[in-house]
Amino acid sequence: ALPISESEHCCIIKMNCFDCYMEDIDMATSMVIGTQWGDEGKGKIVDWIAERADVVVRSQGGNNAGHTVVVDDKAFALRLLPSGILYDNKQNIVGTGVVIDPKVLLQEIEGLEKQGRSAKSLQVSDRAHVIMPYHIALDTAEEASKGDAKIGTTKNGIGPCYADKINRIGIRICDLYDMETFKQKLAYNVEFKNKMLTKVYDAEPVSYDEILADYIKYAEALKPYVTDTNAAVLKAVKEDKKVLFEGAQATMLDLDHGTYPFVTSSHPIAGGASTGAGVGPNYLKNIFGVVKAYATRVGAGPFPTELLNETGDNLRELGHEFGTVTGRPRRCGWLDLMVVKYAAGLNSLDYLAITRLDILDTFKELKICVGYKLNGKDVEGFPANLKDLEACEAVYETLPGWETDISGIREYDKLPENARKYVERIAEVTGVPLGIVSVGPNRSQTIDLVNVF
């Protein structure tokens, strides 16, 4: 046999050579992550990138997370459905890391169809955990019992469902199609949860028979959509399809890295998308961090740049800052780049997507937080202790406003100079380049600076 050169040998064993293997995979993937406390406008950015994608994957969270997407001046409020569902030719996946209330999902599918859209492209993970009525009852009862220490939960049963998942007593979608397993798990959980409801919280018990009957119906209705989405996502990536991963909530609500305990019950960061979608982290590329041009927060917890004055009220009214799911007014403040810098590191962001820039059109001057001081000293990193964070003094830079309507502009160079200076300062402080600038809620009101997909 002729001797084999080093390069030829490498090609022969290519599957064992990481560098060559990675060259063979074009990695046509992208991800959208919220960098603040949610409500940044992720739905619009996902919708924008999804136009060029083949597959859109929702990887975590539940129906407590709402996206509003505006298409042709028509608003669609999405809670569990991926934002790509508004396109006819996309594969839309609700992944393993999502907790699913079947009643809500079916209502959302029905509502979508009433608006002239179809959910036929939807796939739902057979490994995803199921929200049950006792989760909602416990969520409501526990939040009420906390008094002034309320977390601000949406009372949709998200936390208790994730808790059962961690405690290994959860019910998964696949269990709904194994009646023996489902009945056994349901009976155990109902007995245990009813003790909690009645003896700890003095609340009404739930009915095993009613839940069983309802969920048998839900399972039948959902059956056409249920599949092994882990395999589906991996197959799409390996076939070089353009796959977009959609995050719910945002970085500062991450269970481990957010402002705990004022957080959600899952991991809305890039690493969470990997586990929630069922693919390894090396498949995740082109990560966009969505940054609202000012800051908002729902519920309790520290908010260093919050404006409890007329300016904050003005931001709320101009931005229509009320919850998609709850209708609750959002707390408003100046943009906090300490938060965004923190998110940039946690998510290894490739690009920034600046949203709602047009809401600032009427301001004569704007402030952005570029640092914190605690007891007179500069703060390094991001404080874990909420008392420290609450005590932090925001260090602001003041920038001039542009005082003109930018909603009709479609080219970056045509934005007012002060608007460009504002977003470029965001990129400079965070160390992440600009990728998208949004100047309004419609698809058309988007300035794309990079060519993803």
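Please refer to the structure higher up on the page.
For clarity, every value in this text was computed on a predicted model and none was experimentally measured.

Asker: What exactly am I supposed to notice about the packing of aromatic side chains here?
Answerer: Aromatic ring pairs are described here by two measures, namely the spacing of the ring centres and the angle between the planes. For the structure on display, the rule yields 8 aromatic pairs. Following the ring pairs from residue to residue traces out a cluster consisting of Tyr342, Tyr372 and Phe382. A cation over a ring is seen here: Lys90 above Tyr87, with NZ or CZ 5.3 Å from the ring centre. Above the ring of Tyr396, the side-chain terminus of Lys367 is found at 5.7 Å from the ring centroid.

Asker: Sorry if this is basic, but what is going on with the sheet that holds strand β5 (residues 91-94) here?
Answerer: Within a sheet, adjacent strands bond to each other through the backbone by hydrogen bonds, running parallel or antiparallel. As summarised here, the arrangement of the 10 strands in space is β9-β7-β5-β2-β10-β1-β11-β15-β19-β20, forming an open sheet in which the pairing is mixed. Looking at strand neighbours, the two that pair on one side only are β9 (226-227) and β20 (446-448), the edges of this open sheet. Here strand β1 (residues 29-34) runs beside strand β10 (residues 243-246); their pairing, made up of 4 bridges, is parallel. Within β10, the position partnered with Thr29 by the bridge is Val243.

Asker: Looking at this model, I keep getting lost on helix α6 (residues 158-166). Mind explaining?
Answerer: An α-helical segment advances 3.6 residues per turn. Residues three or four places apart therefore align on the same side. For α6, the complete set of buried residues consists of Ile158, Pro160, Cys161, Tyr162 and Asp164. Check the buried side of α6 and you find it contacts β6 (99-100), β8 (129-130), α5 (133-145) and α7 (179-200).

Asker: Would you mind showing me how to read the pattern of salt bridges here?
Answerer: Close approach of charged atoms lets side chains of opposite charge pair. Applying the stated criterion across every chain, the model contains 22 salt bridges. In this structure, Glu40 and Lys42 form a salt bridge, with 3.2 Å as the shortest nitrogen-oxygen distance. Between Lys241 and Glu239 there is a salt bridge; the shortest N-O distance is 3.8 Å. The class of Lys241 is partly exposed, set by a relative accessible area of 31%. On the basis of relative accessible area, Glu239 is assigned to the partly exposed category, the value being 41%. Through salt bridges with shared partners, a single ionic network connects Asp39, Lys292, Glu321, Arg330 and Arg356.

About the cut-offs
- Residues numbered from 1 in each chain as written.
- Predicted model: local features only at pLDDT ≥ 70, side-chain atom pairs only at ≥ 80, totals over all residues.
- Heavy atoms only, no water.
- Phe/Tyr/Trp six-rings, centres within 6.5 Å; stacked < 30°, edge-to-face > 60°.
- Lys NZ or Arg CZ within 6 Å of the ring centre and 35° of its normal.
- Pairing = 2+ DSSP bridges.
- Helix = DSSP H or I, 4+ residues; strand = E, 2+ residues; numbered from the N terminus.
- Buried < 20%, exposed > 50% of the residue type's maximum accessible area, 1.4 Å probe, protein only.
- Contact = heavy atoms within 4.5 Å.
- Salt bridge = Lys/Arg side-chain N within 4 Å of Asp/Glu carboxyl O.

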